[in-house]
2 protein chains.
Amino acid sequence: MERRILLAHGSGGKLTHSLIKDLFLKELKNPILEPLGDSATFEIDRGRMAFTTDSYVVDPIFFPGGDIGRLAVCGTVNDLAMSGARPLYLSASFVIEEGFLESDLRSILHSMIQAADEAGAKIVCGDTKVVGRGSVDKIFITTSGVGLIPEGVDITPLKIEVGDQVIVSGCIGDHGMAVLGMRAGFEFSSEIISDVAPLNHLVAKMLAEAKDGVHALRDPTRGGLATTLNEFAQASSLGIKIYEDKIPVQDEVRGACELLGLDPLYVANEGKLVAVTSKNSTQVLLTCMRKNTHGQKAEIIGEVTSGPRGIVSITTRIGGTRIVDMLTGEQLPRIC
Amino acid sequence: MERRILLAHGSGGKLTHSLIKDLFLKELKNPILEPLGDSATFEIDRGRMAFTTDSYVVDPIFFPGGDIGRLAVCGTVNDLAMSGARPLYLSASFVIEEGFLESDLRSILHSMIQAADEAGAKIVCGDTKVVGRGSVDKIFITTSGVGLIPEGVDITPLKIEVGDQVIVSGCIGDHGMAVLGMRAGFEFSSEIISDVAPLNHLVAKMLAEAKDGVHALRDPTRGGLATTLNEFAQASSLGIKIYEDKIPVQDEVRGACELLGLDPLYVANEGKLVAVTSKNSTQVLLTCMRKNTHGQKAEIIGEVTSGPRGIVSITTRIGGTRIVDMLTGEQLPRIC
């Protein structure tokens, strides 16, 4: 019979200790985690630190291209990377439904450690709660992360200027449609693969190339590209103009979106970034991005304008212009 | 009609932004949180850092003496404090069930900010996911925290020596029985108040008094005092001997435990610590603890012995001796 997680695995007692030692420590093994103190401790340099957290509730927990574990690590790594930080240490906290398969938990931990390795970050502390059947849908993971921002790096939407260019690092909508496809059992479900990946090495390369040219960075997750651009427009009190025919979208994703009446601009990504770059640095940054695995299909999709303030507009394929509003209501729940 | 949290509040779009601005930012307002970037950023000194995380799934979410918000902040502050760190910055991540009352969320945020203020820590980043009815039981909160460990402070069970004394900072079992009382609707439910409180100031006072005398510290939460002592015994490969008549337990808690067949040694605390102290420093530390609000009823409850290795034993009121094992199975689920 397959081993399942029991309520007692969350009691803090013997079974908790065996779960932690036999499963978590074995998968996540590293010298900072190992003492299992109340806190992980490590030496840190003086400097500017980035700190972030996110909860992951994706449904289904396994999807083409990844699972909730890979998502949880990459999401937090990417949030750190978007502030220019080098991700150092991660925490992982699990809320697990009684009866969850131990083998599934092992797969998830395995994905987490793999993603952390890709990013060059370490999972150094964690927590596990087990709740009764029906009190949580399978498993939720919350990851937090800390990283150091290299001297002189200062990335913020407040630096966005008129004339800046908007770059997206690749095709949009892959993650959201991969998850949705699985959920609904659509035929396209095997063709669309989530883009979930750590972007910190891509960001490091960009900063090495043109540190001052990178004004703002963000990963367009929940709410998609449209929401990220609206956040930039609002934070900078400037306008952003994008061109529909410049935005890279895979044919399968476009087709699936059309089928379901969704706009890829609002679909979640988990391995893409949007950069607002100074006009002078844009070409060198684009070239640099395209050399990186996660930026091969990077494109300049638009520019920053003096107005209308706080508004994102799009020039459509047929030459019209419309406003791209922030997502109103709910497009796709439990996508991340 | 009372305002409720909708799925769309978790979409990343307009409603998410209004929830964050009108509720979260208003309650948690501080300059590091306010830019709402992907990460919070702050300057930090070179040194030894502590990093911790915990998920809170307590049921019910409001209980005598606190709520899930106060618990989430104090729990993480205390985990930092137990490694000797000064808690600096906290993150808070929420998974909320669709239909949750906005007024309840506001109360919880209010408790969080109050507890963070008591501890002198700041909540600087967060995340909110809203999931469909039945996918989570009301609300789960995950908090993480970072803090700096003052130069020269080194608290670890590996420093525990034969002859060290064991101090508990006050009466045990209050939190677990307060939560259980609410849940089961027992008559004692109004008399027992959770001890949930930040202990970092108490720890700072102890370290100021006798830094080298504090060998190990831990807050006996899930699994209670028995589990913490077992962890100490195992980590140090020494024995720990405690005396039943020295362990402070409130009469109401003792009575409630007897009624339900529970052993207070295994019941969760959220505002207590266990310190293993060098023999020479014990009296000065005890005096110092008793001067602090959260240590008034501190008692020396036992000592460290050369053996049997890894074993905790208790001398009972009637003079017998028995082994205090780590909790086997589940005593009280969803207590924290």
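Because the structure is predicted, anything quoted here is derived from the model rather than measured.

## Describing the sheet that holds strand 6 (residues 122-131) of chain A
Thinking step 1. Read from one edge to the other, the open sheet built from 5 strands follows the order 6(A)-5(A)-7(A)-2(A)-1(B), with strand pairing classed as mixed. Each edge of the sheet is formed by a strand with only one pairing partner; in this case those strands are strand 6 of chain A together with strand 1 (40-44) of chain B. Averaged over all neighbouring strand pairs, the angle between strand axes comes to 20 degrees, with direction disregarded.
Thinking step 2. Pairing between strand 2 (residues 47-56) of chain A and strand 7 (residues 139-149) of chain A: 9 bridges, direction antiparallel. Looking across to strand 7 of chain A, one finds that Ser55 of chain A is bridged to Thr142 of chain A.

## Description of the relation of the copies chain A and chain B
Thinking step 1. Least-squares fitting of chain A to chain B yields an RMSD of 0.0 Å, with the transformation described by 0.0 Å of translation along the axis and a rotation of 180 degrees. Taken together, the rotation and translation relating the two chain copies correspond to the operation of a two-fold axis.
Thinking step 2. Comparing interface residues between copies, 99% of those in chain A also sit at the interface in chain B, which points to an isologous, same-surface contact.

## Remarks on the side chain of Ser135 of chain A
Thinking step 1. As for its placement among the helices and strands, Ser135 of chain A is situated in the loop between strand 6 and strand 7.
Thinking step 2. Other than its neighbours up to four places away in sequence, Ser135 of chain A contacts Ser135, Val136, Asp137, Phe140 and Arg334 of chain B.

## Looking at the domain arrangement of chain A
All names here are of chain A.
Thinking step 1. Its domain assignment divides chain A into domain 1 (37-149) and domain 2 (157-323).
Thinking step 2. When each unit is reduced to the centre of its C-alpha atoms, the spacing between domain 1 and domain 2 is 24 Å.
Thinking step 3. Residue-level contacts link 23 residues of domain 1 with 22 residues of domain 2.
Thinking step 4. Of the roughly 1800 Å² buried between domain 1 and domain 2, counting both surfaces, carbon and sulfur atoms make up 65%.
Thinking step 5. Three residues, Pro64, Asn78 and Met82, lead the burial of domain 1 against domain 2; their summed loss comes to 34% of the area buried on that side.
Thinking step 6. Between the two partners, domain 1 and domain 2, sit 0 salt bridges.
Thinking step 7. Elements that contribute at least two residues to the side of domain 1 that touches domain 2 include exactly strand 3 (62-63), helix 2 (68-82) and helix 3 (102-119).
Thinking step 8. The element contributing the most residues to the side of domain 1 that touches domain 2 is helix 2, with 9 residues.

## Topic: the sheet that holds strand 8 (residues 165-168) of chain B
Residue and element names in this part refer to chain B.
Thinking step 1. Taken in spatial order, the 7 strands make up an open sheet running 9-11-8-12-10-13-14, and their pairing is mixed. Pairing within the sheet leaves two strands with one partner each, and these edge strands are strand 9 (214-218) and strand 14 (321-323). Here the strands of the sheet are splayed against their neighbours by 25 degrees on average, with no regard to which way each runs.
Thinking step 2. Where strand 8 meets strand 11 (residues 274-277), 4 bridges bridge the pair, whose relative direction is antiparallel.

## Details of the interface of chain A and chain B
Thinking step 1. Counting residues at the interface gives 76 residues for chain A, matched by 75 residues for chain B.
Thinking step 2. Summing both partners gives a buried area of about 5900 Å² for chain A against chain B, and 53% of it is carried by carbon and sulfur.
Thinking step 3. For the interface between chain A and chain B, the tally reads 12 salt bridges.
Thinking step 4. Salt-bridge contacts for Arg48 of chain A lead to Glu43 of chain B; the nearest nitrogen and oxygen are separated by 2.9 Å.
Thinking step 5. For the interface between chain A and chain B, the tally reads 40 residue pairs in polar contact (both at pLDDT 80 or more).
Thinking step 6. Ranked by residue count, the leading element in the side of chain A that touches chain B is strand 2 of chain A, at 9 residues.
Thinking step 7. Bridge count between strand 2 of chain A and strand 1 of chain B: 5 bridges; the pairing is antiparallel.

## Let's talk about the side chain of Thr316 of chain A
Residues and elements named next belong to chain A.
Thinking step 1. Secondary-structure assignment places Thr316 in the loop between strand 13 (312-315) and strand 14 (321-323).
Thinking step 2. By relative accessible area, which is 17% here, Thr316 ends up buried.
Thinking step 3. Excluding its chain neighbours within four sequence positions, the residues that come into contact with Thr316 are Glu244 and Arg322.

## Re the packing of aromatic side chains
For any two aromatic rings, the description comes down to two numbers: the centre-to-centre distance and the angle of the planes.
Thinking step 1. Under the defined criterion, the tally for this structure stands at 7 aromatic pairs over all chains.
Thinking step 2. Centroid distance Phe24 of chain A to Phe94 of chain A: 5.0 Å. Interplanar angle 65 degrees. Geometry classified as edge-to-face. Of the two residues, Phe24 of chain A is situated in helix 1 (residues 14-28) and Phe94 of chain A in strand 5 (residues 86-97); the sequence distance between them amounts to 70 residues. The same class applies to Phe24 of chain A as to Phe94 of chain A, namely buried.
Thinking step 3. Centre to centre, the rings of Phe42 of chain A and Phe51 of chain B are 6.4 Å apart; their planes meet at 80 degrees, and the pair counts as edge-to-face. On the criterion of chain membership, the pair formed by Phe42 of chain A in strand 1 (residues 40-44) and Phe51 of chain B in strand 2 (residues 47-56) is interchain, its members lying in two chains.
Thinking step 4. Judged by its relative accessible area of 0%, Phe51 of chain B falls in the buried class.

## Brief notes about the pattern of salt bridges
Thinking step 1. Summed over all chains, the structure comprises 36 salt bridges over all chains.
Thinking step 2. Salt-bridge contacts for Glu102 of chain A lead to Arg3 of chain A; the nearest nitrogen and oxygen are separated by 3.2 Å. Here Arg3 of chain A lies in the segment before helix 1 and Glu102 of chain A lies in helix 3, a separation of 99 residues in the sequence.
Thinking step 3. On the basis of relative accessible area, Arg3 of chain A is assigned to the exposed category, the value being 58%.
Thinking step 4. Among the ionic pairs, Glu231 of chain B bridges to Arg218 of chain B, the shortest N-O distance being 2.8 Å. On the criterion of sequence distance, the pair formed by Glu231 of chain B in helix 6 (residues 224-236) and Arg218 of chain B in strand 9 is long-range, its members being 13 residues apart. Both residues of the pair, Glu231 of chain B and Arg218 of chain B, count as buried.

Criteria and cut-off values
Chains are numbered independently. Their residues run from 1 in the order of the written sequence. Chain letters and ligand numbers both follow the written order, the letters beginning at A and the numbers at 1. Per-residue local features of the predicted model are confined to residues with pLDDT of at least 70, and side-chain atom pairs are confined, for both listing and counting, to 80 or more; whole-chain, interface and lining totals are unaffected and use all residues. Based on all heavy atoms of the structure, the side-chain values leave hydrogens and waters out of the count. Strands are labelled as partners when DSSP assigns at least two bridges between them. Numbered from the N terminus, helices here are DSSP runs of H or I no shorter than four residues, and strands are runs of E no shorter than two. Where helices are involved, their axes are fitted lines through C-alpha atoms of the stretch in contact, as for all axes, and angles between N-to-C directions lie from 0 to 180°. Superposing the copies works by least squares over the C-alpha atoms of residues that have pLDDT at least 70 in both of them. Residues are treated as being in contact if the distance between any of their heavy atoms lies within 4.5 Å. These domain limits were set by an automatic method or by a database of domain assignments. Put simply, buried area is the surface a 1.4 Å probe can reach on two separate parts but cannot reach once they are joined, added for both. A carboxyl oxygen of Asp or Glu within 4 Å of a side-chain nitrogen of Lys or Arg is what we treat as a salt bridge. We call two N or O atoms a polar contact when they sit within 3.5 Å, provided that within protein one can donate a hydrogen and the other can accept it, with sequence-adjacent residues counted only if both atoms are side-chain atoms. Relative accessibility thresholds used throughout: buried, under 20% of the residue-type maximum; exposed, over 50%; partly exposed, between the two (1.4 Å probe, protein chains only). For Phe, Tyr and Trp, where Trp contributes only its six-membered ring, two rings pair if their centres lie within 6.5 Å, and the inter-plane angle classes them as stacked under 30 degrees, edge-to-face over 60, or tilted in between.

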